[in-house]
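Survey of secondary and tertiary structure
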Amino acid sequence: MGERAVGTVQVIAGAIVGAIMAAPSTAAPHELSQRFGVVFDSQRVQRSLADYDHRSLGGFGWCLDGLADSPGPLLGAVDQPIQYIPTVGRNATPPAPNAVRDLIQAHPELYPPGTVWMIGHELGRDGYTSVPGQAAQPFDHEAYATSFNAWATQIRNADPTFRIMLGAMIPGDDTGFVHDNTANLSSLFSTYYTNYGQQMPVDVFNLRLLFDRQHASLACLKNQVVEFRSWMRKVQYARFESTDYRGSELWLNGYGVFETPSFTPQSVAFLQGATDWLCGDGAADFRDAANGLPADDYRLVQRWAWFALDDTRPEFADTRLLMPDGTLSPLGEAYAAYLPHLPEPASLLLLTALTALAGIRRRA
């Protein structure tokens, strides 16, 4: 083998190894694959995300459980950690003085800088109502404001880069869902301001848009998103004072069809139409110069997750992405089609490259 061929092999091999070693450790904040997530409830299904062959879906970027301190970390599309969204403050009891510190110390790998913490689960259906989980129960703004302040203070003190997400809102109009917890939502912000003399520090808002078959349409989903984004622009906290939260992100913390059976052409079409729109495929109105997030090129929605990865309740059993045996459901197959295929391991890439280089050597 001549010196030129040897030099060529060394240069190419060095470039391949260098590219592998120089691969970024985290994806860009708004890379498309990182916008996709999954939602599940480990308490209800008695499983953790680690128990699933979650990689069969492809490379999603974040996951939400109803609990904090779930097992992890898990690897995503390019063998990077999936962003875990911890949920705290599901009941009206204020946190222990060192609750956040204790969570971080137990599993520090779950809470890197920039972690998004959700305070409360579904506002109006968790511990801030007189009968948790029941419809038409009044939401206790005072209790939630107190809990929110205590958790947010601990979270920000633990790491100033941590971000705060409000509990999920479930609008009833245009969805057919009987639980509507968006009514008088502004009262929460005015209560918080009255009690603490400052605006609520909300970095991320989120909607849970679950539709019955009659209302499951892209038009209904768009309407809910635009209406809520419009509300975010002028959240009134005093008689003549309001806050513009347009600079906060909006996530869909679950969108789906909740009536059984939903493994139908209609439900698959709804998933595809809604996800096309969220991705910006085929329609320009996924951006909105008046209501969208300026830092995200005026997109209306920053991240989204189909509801749900798995769920054992009869009304949600056919919305799941994974079947009980771990295989993809028809909806899972449709969702997976949007996600990037997992790359070959670096070792296999290097082996392939070296095989090719061996051919160069033989020819030399």
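Look up: the structure comes first, before these words.
This report concerns the structure included in the present document. Note that the coordinates shown come from a computational prediction; the quantities given were computed from them, not determined experimentally.

What counts, and where the lines are drawn
- Residues numbered from 1 in each chain as written.
- Predicted model: local features only at pLDDT ≥ 70, side-chain atom pairs only at ≥ 80, totals over all residues.
- Heavy atoms only, no water.
- Helix = DSSP H or I, 4+ residues; strand = E, 2+ residues; numbered from the N terminus.
- Buried < 20%, exposed > 50% of the residue type's maximum accessible area, 1.4 Å probe, protein only.
- Contact = heavy atoms within 4.5 Å.
- Polar contact = N/O pair within 3.5 Å; in protein donor to acceptor, adjacent residues only side chain to side chain.
- Axes fitted to C-alpha atoms, helices over the stretch in contact; angles between N-to-C directions.
- Parallel < 35°, antiparallel > 145°, perpendicular 65-115°, else oblique.
- Nonpolar A, V, L, I, M, F, W, Y, C, P; charged D, E, K, R; others polar.
- Pairing = 2+ DSSP bridges.
- Right-handed = clockwise from strand over helix to strand, strands pointing away.
- Expected span 1.5 Å × (residues − 1).
- Phe/Tyr/Trp six-rings, centres within 6.5 Å; stacked < 30°, edge-to-face > 60°.

Structurally, the position occupied by Thr87 is in strand β4 (residues 87–88). A relative accessible area of 4% places Thr87 in the buried class. Measuring from C-alpha to C-alpha, the distance between Thr87 and His121 comes to 6.8 Å, with 34 residues separating the pair along the chain. Ignoring any residue separated from it by four or fewer positions in sequence, one finds Thr87 in contact with Leu64, Asp65, Gly66, Leu67, Ala68, Met118, Gly120 and His121. Of the polar contacts made by the side chain of Thr87, one reaches the backbone oxygen of Asp65; its length is 2.8 Å.

When two helices pack together, their arrangement is given by the angle between their axes and by how far apart the axes lie. Contact geometry of helix α4 (residues 99–106) with helix α5 (residues 141–158) gives a least axis separation of 8 Å together with a crossing angle of 50°. Classed by the angle they form, the pair α4 and α5 counts as oblique. When α4 is examined against α5, the residues Ala99, Val100 and Ile104 are found in contact with a partner set consisting of Trp151, Gln154, Ile155 and Ala158. Its residues assigned to classes, the contact of α4 with α5 shows six nonpolar, one polar and no charged.

As a further point, take the pairing of strand β10 (residues 249–257). The buried fraction of β10 is high, at nine of nine residues. As judged from the seven bridges shared by strand β7 (residues 204–211) and β10, these two strands associate in the parallel manner. Bridge pairing in β10 links Leu207 to Leu252. The pairing of β10 with strand β11 (residues 303–306) spans three bridges and is parallel. In the strand pairing of β11, Trp251 is matched with Arg303. In this fold, β10 hands off to helix α8 (residues 265–279), which returns the chain to β11; that crossover is right-handed.

Its 18 residues give α5 an end-to-end C-alpha distance of 25 Å, which sits within 8% of 26 Å, the value for a rise of 1.5 Å per residue. Buried within α5 we find His141, Ala143, Tyr144, Ala145, Ser147, Phe148, Asn149, Trp151, Ala152, Gln154 and Ile155. Of the residues flanking the start of α5, the one acting as N-cap is Asp140, its side-chain oxygen 3.2 Å from the backbone nitrogen of Glu142.

Moving on to the pairing of β7. A large share of β7 lies buried, amounting to eight of its eight residues. Neither face of β7 is left uncovered, since the one carrying Val204, Asn206, Arg208 and Leu210 and the one carrying Phe205, Leu207, Leu209 and Phe211 both have all their residues buried.

The tally for this structure, following the rule as stated, stands at 25 aromatic pairs. Ring geometry for Phe36 against Tyr335: centres 5.5 Å apart, planes inclined by 70°, an arrangement best described as edge-to-face. With Phe36 in strand β1 (residues 36–39) and Tyr335 in helix α9 (residues 330–336), this pair connects stretches of sequence that are 299 residues apart. With respect to class, Phe36 is no different from Tyr335; both count as buried. Arranged with centres 4.4 Å apart and planes meeting at 50°, the rings of Tyr193 and Tyr237 form a pair that is tilted. With Tyr193 in helix α6 (residues 185–196) and Tyr237 in strand β8 (residues 235–238), this residue pair connects regions lying 44 residues apart in the sequence. Taking the relative accessible area as the measure of exposure, Tyr237 reaches 11% and is therefore buried. A connected cluster of aromatic rings, assembled from ring pairs, spans Tyr128, Phe139, Tyr144, Phe148, Tyr192 and Tyr196.

These values are about where atoms sit, not about what they do.
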